[in-house]
Amino acid sequence: MDAIKLIEQTSIKEETPKFNIGDTVRVSVNIREGSRERIQNFEGTVIAKNGSGITESFTVRRLSYGVGVERVFPLHSPNVVDVKVVRMGKVRRAKLYYLRDRVGKAAKVKEALK
């Protein structure tokens, strides 16, 4: 078990971004296409955070041409270059899975005033 913990400590990121459920974030992801690499942004609302330590991940949801798109990002992945908080949300739930059933203005999250 000590060997596993040692490997975890070396691959865990030092500076993790601080964001919560309901925040709108812009995730910069490293995309490999053949021999080329580029950075692609994915902006949406954080609807869930799961796990802890090296296995921590978060789910981001957005609407793309009227279709809901969700992506799960491992927080400590080397492919996740950057996570920026665009807007802070005010929610009272740990998981926002109910947003999947809502469309239009009903799917919005109130902004937290800070």
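Residues numbered from 1 in each chain as written. Predicted model: local features only at pLDDT ≥ 70, side-chain atom pairs only at ≥ 80, totals over all residues. Heavy atoms only, no water.

S.K.: Tell me about the pattern of salt bridges, residues and numbers included.
M.R.: A complete count under the given rule lists seven salt bridges for this structure. With a shortest N-O distance of 3.6 Å, Arg-87 and Glu-111 are connected by a salt bridge. Of this pair, Arg-87 sits in strand β5 (residues 80-87) while Glu-111 sits in the segment after β5; the two residues are 24 residues apart in sequence, bridging distant segments of the chain. A cluster of three or more residues bridged by salt bridges with shared partners is formed by Arg-61, Glu-70 and Arg-100. (Salt bridge = Lys/Arg side-chain N within 4 Å of Asp/Glu carboxyl O. Helix = DSSP H or I, 4+ residues; strand = E, 2+ residues; numbered from the N terminus.)

S.K.: Describe in detail the side chain of Asp-23, supporting the description with residues and values.
M.R.: Here Asp-23 lies in the loop between α1 (2-11) and β1 (24-33). Within polar-contact distance, the side chain of Asp-23 engages the backbone nitrogen of Gly-89 at 2.9 Å. When neighbours within four sequence positions are excluded, Asp-23 is seen to be in contact with Gly-44, Thr-45, Val-46, Val-85, Arg-87, Met-88 and Gly-89. (Polar contact = N/O pair within 3.5 Å; in protein donor to acceptor, adjacent residues only side chain to side chain. Contact = heavy atoms within 4.5 Å.)

S.K.: Before we move on, can you summarise the packing of aromatic side chains with the specific residues and values?
M.R.: All chains considered together, the criterion is met by three aromatic pairs. Here Phe-19 and Phe-58 contribute two aromatic rings whose centre-to-centre distance is 4.9 Å and whose plane-to-plane angle is 65 degrees, an arrangement assigned as edge-to-face. One end of the pair, Phe-19, is in the loop between α1 and β1; the other, Phe-58, is in strand β3 (residues 57-64), and 39 residues separate them in sequence. With a centroid separation of 5.6 Å and an interplanar angle of 35 degrees, the aromatic rings of Phe-58 and Phe-73 are classed as tilted. Here Phe-73 lies in strand β4 (residues 67-74) and Phe-58 lies in strand β3, a separation of 15 residues in the sequence. Judged by relative accessible area, which is 1%, Phe-58 ranks as buried. By relative accessible area, which is 3% here, Phe-73 ends up buried. (Phe/Tyr/Trp six-rings, centres within 6.5 Å; stacked < 30°, edge-to-face > 60°. Buried < 20%, exposed > 50% of the residue type's maximum accessible area, 1.4 Å probe, protein only.)

S.K.: Account for a positive patch on the surface, with residues named and values stated.
M.R.: Together, Lys-90, Arg-92, Arg-93 and Lys-110 line one region of the surface with positive charge. Along the chain, Arg-92 turns up in the segment after β5. (Patch = residues over 30% accessible without salt bridge, like charges linked within 9 Å, V, L, I, M, F, W, Y side chains within 5 Å. Areas by Shrake-Rupley, 256 points an atom, 1.4 Å probe, with all protein chains shown as cover. Lys, Arg positive; Asp, Glu negative; His and termini not counted. Charge placed at Lys NZ, Arg CZ, Asp CG, Glu CD.)

S.K.: Tell me about the sheet that holds β3, residues and numbers included.
M.R.: Taken in spatial order, the five strands line up as β4-β3-β2-β1-β5 in an open sheet, and their pairing is antiparallel. Edge positions in the open sheet fall to β4 and β5, since each of these has one partner strand only. Across the sheet, the mean angle from the axis of one strand to that of its neighbour is 40 degrees, orientation sign disregarded. Sheet topology places β1 next to β5; six bridges connect them, and they run antiparallel. Along β5, the bridge assignment pairs Val-29 with Val-80. (Pairing = 2+ DSSP bridges. Axes fitted to C-alpha atoms, helices over the stretch in contact; angles between N-to-C directions.)

S.K.: Could you give me a rundown of unusual backbone geometry, with the residues and numbers involved?
M.R.: In this structure, Tyr-65 takes a positive phi of about 55 degrees despite not being glycine. Its place among the elements puts Tyr-65 in the loop between β3 and β4.

S.K.: So what's going on with the nonpolar core? Residues and values would help.
M.R.: With 19 residues, the main nonpolar core has Phe-19, Val-25, Val-27, Phe-58, Val-60, Phe-73 and Val-83 as its most contacted residues. Elements that contribute at least two residues to this core include exactly β1, β2 (36-50), β3 and β5. Excluding anything up to four places from it in sequence, Val-27 contacts Gln-40, Asn-41, Phe-42, Phe-58, Val-60, Phe-73, Val-80, Asp-82 and Val-83. (Core = buried A, V, L, I, M, F, W, Y, C linked by side-chain atoms within 4.5 Å.)

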